Amino acid sequence: MKKLLKRSIVATAIAAVSMTMMTTAVQAESSLTVVSWGGSYSKSQMRAYHEPWTAKTGTKILHEDKSGTGLAGIRSQVEANNVSWDLVDMLEGNAMIACDEGLIEEINYDEILAPAPDGTPASKDFLGGLNGCFIPQIYYATLFAYNDEMFKGEKPSTIADIFDLEKFPGKRSLEKIPAGNLEWALMADGVAAKDIYDVLSTEEGVTRAFKKLDTIKDSVIWWEAGAQPPQLLSDKEVSIASGYNGRFFGAQVNEKQPFTIIWDGQLAEIDGWVVPKGKLTPELKKYIKFITDTQRLADQSKYISYGPARKSSASLVDKHADTGVDMKPHMPTSPANFTNPIIKNAEWWANNNDDMSERFNAWLSK
């Protein structure tokens, strides 16, 4: 009897351990860790993608706001052979670097991504950015906005006006990186948008850009986080600030801030998804297919003013989910806003960012 009792206890213990292991395995399989940028942008993803997927499948989306260090994070995880992230929101240029280094998965677009409703293959429906490892999600713009209350007469409307401290006085706020600032400096100095990267590819062009930045350097407050520019404008610490169009839209619509966006010279860029090496599981494939289909990309535009990366999504862009504001006029890709854009050359920056950052930081310290 004692032997039977011992066996029963042991069997029960083994069963309990097995059940715990099975439960842990099921829990691991029923969640995905998604990394993004934070703020209103991450909230738009949660509402358009994550919450509907959880409601549909029961799979929980564990969200981390670490895209600012996404490339370094993926690199360290892959090198340590301990990858905890399943999907990472990343800029196209960094995705190119990660792809070249073998840190992220290559994507068979027409196998993994859903076709358009009319049957057009995904590879023909996206607006760009299908470079092998990168899955486009949105078009967004880094651009300028100003506080209406700080200009009583004529208002700034061009990139040249940003650099005109006499006509449009006040502090400026610029992001503490070379990308964007060098392009705007050349545009303000008379270089056409289509010629900027040709000029910037010469030593004379780089020198010219920094010389133009010199003219406003003493009037600049540098920002490093996306929430800072709208706050600086709201507090009237600066009169004009660069920032993300979605952040400025949120401040205008949700907080009723007296901001006006300057669409001239918007730095248009694609943002999207990458999959760290070894994480392209069947479950993740299903999730990616869902969140990048025509309807879901259009749905994100109900929460933030970023243009969907699929052609078939454009006609589905509707009103803001909470305020009822028509979102079409607020899209960076709207014809009225896309008259004189700078299309960010992701490949140029992937090849030149280290050198330009070194020169930019040296310039800042002077």
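Remember, predicted model here, so these are calculated numbers, not experimental data.

What counts, and at which threshold
- Residues numbered from 1 in each chain as written.
- Predicted model: local features only at pLDDT ≥ 70, side-chain atom pairs only at ≥ 80, totals over all residues.
- Heavy atoms only, no water.
- Helix = DSSP H or I, 4+ residues; strand = E, 2+ residues; numbered from the N terminus.
- Expected span 1.5 Å × (residues − 1).
- Bend = angle between axes of the 7 residues up to and from the residue.
- Buried < 20%, exposed > 50% of the residue type's maximum accessible area, 1.4 Å probe, protein only.
- Disulfide = S-S within 2.5 Å.
- Domains from an automatic or database assignment.
- Contact = heavy atoms within 4.5 Å.
- Buried area = accessible area lost by both parts, 1.4 Å probe.
- Salt bridge = Lys/Arg side-chain N within 4 Å of Asp/Glu carboxyl O.
- pLDDT = per-residue confidence, 0-100.
- Axes fitted to C-alpha atoms, helices over the stretch in contact; angles between N-to-C directions.
- Parallel < 35°, antiparallel > 145°, perpendicular 65-115°, else oblique.
- Nonpolar A, V, L, I, M, F, W, Y, C, P; charged D, E, K, R; others polar.
- Left-handed = near helix turned anticlockwise from the far one by under 90°.

Peer 1: Explain helix α2 (residues 39-57) here, please?
Peer 2: Owing to its 3.6 residues per turn, the α-helix aligns residues three or four sequence positions apart on the same side. In this model α2 runs 26 Å from its N-terminal to its C-terminal C-alpha over 19 residues, within 8% of the 27 Å that 1.5 Å per residue would give. Of all bends in α2, the biggest is about 45°, found at Met46. Those residues of α2 lying buried are Tyr41, Ser42, Ser44, Gln45, Ala48, Tyr49, His50 and Trp53. Among the residues trailing α2, Gly58 stands out with phi positive, at a value near 85°.

Peer 1: Teacher, can you tell me more about the state of the cysteines here?
Peer 2: Here, disulfide denotes a covalent bond that connects the sulfur atoms of two cysteines. In this structure the tally under the stated criterion is one disulfide. Between Cys99 and Cys133 runs a disulfide, and the two sulfur atoms are separated by 2.0 Å. Between Cys99 and Cys133, the S-S dihedral sits near 50°, and the bridge is therefore right-handed. One end of the pair, Cys99, is in helix α4 (residues 92-100); the other, Cys133, is in the loop between α6 (122-125) and β4 (135-147), and 34 residues separate them in sequence. Here Cys99 falls in the partly exposed class, since its relative accessible area comes to 21%.

Peer 1: I'm lost on the domain arrangement of the protein chain in this one. Help?
Peer 2: Interface size, as often reported, equals the accessible area lost upon joining of the parts. Parsing the protein chain into structural domains produces domain 1 (29-139 + 270-330) and domain 2 (142-269 + 340-365). The gap between the C-alpha centroids of domain 1 and domain 2 is 27 Å. Contact residues are listed per partner, giving 20 residues for domain 1 and 12 residues for domain 2. For the domain 1 and domain 2 pair, buried surface summed over both sides reaches about 1300 Å², with 61% attributable to carbon and sulfur atoms. Its largest share of buried area at the contact with domain 2, domain 1 owes to Ser305, Tyr306 and His330, together 29% of the area lost on that side. Along the contact surface separating domain 1 from domain 2 lie zero salt bridges.

Peer 1: What am I meant to see in the confidence of the model for the protein chain here?
Peer 2: Reading predicted coordinates in detail is not appropriate for stretches of low pLDDT. For the protein chain, the mean per-residue pLDDT works out to 91, and 92% of the residues sit at or above 70. Per-residue pLDDT stays below 50 along residues 1-28; that stretch engages in zero contacts with residues further than four places along the chain or on separate chains.

Peer 1: Is there a simple way to think about the packing of helix α8 (residues 181-188) against helix α10 (residues 203-214) in this case?
Peer 2: Helix-helix packing is described using two parameters, namely the angle between the two axes and the distance between the axes. Running from N to C, α8 and α10 cross one another at 85°; their axes reach a closest spacing of 8 Å. In terms of orientation, α8 lies roughly perpendicular with respect to α10. Residue-level contacts link Asn181, Leu182, Ala185, Leu186 and Ala188 of α8 to Gly205, Arg208, Ala209, Phe210, Lys212 and Leu213 of α10. In terms of residue class, the contact of α8 with α10 is made up of seven nonpolar, two polar and two charged.

Peer 1: Please explain the packing of α10 against helix α15 (residues 346-365) as it appears in this structure.
Peer 2: At their nearest, the axes of α10 and α15 sit 12 Å apart, and the two run at 35° to each other. α10 and α15 meet at a crossing whose hand is right-handed. Contacts between α10 and α15 pair Glu203, Val206, Thr207, Phe210, Leu213 and Asp214 from the former with Met356, Arg359, Phe360 and Trp363 from the latter. A per-class count over the contact of α10 with α15 returns six nonpolar, one polar and three charged.

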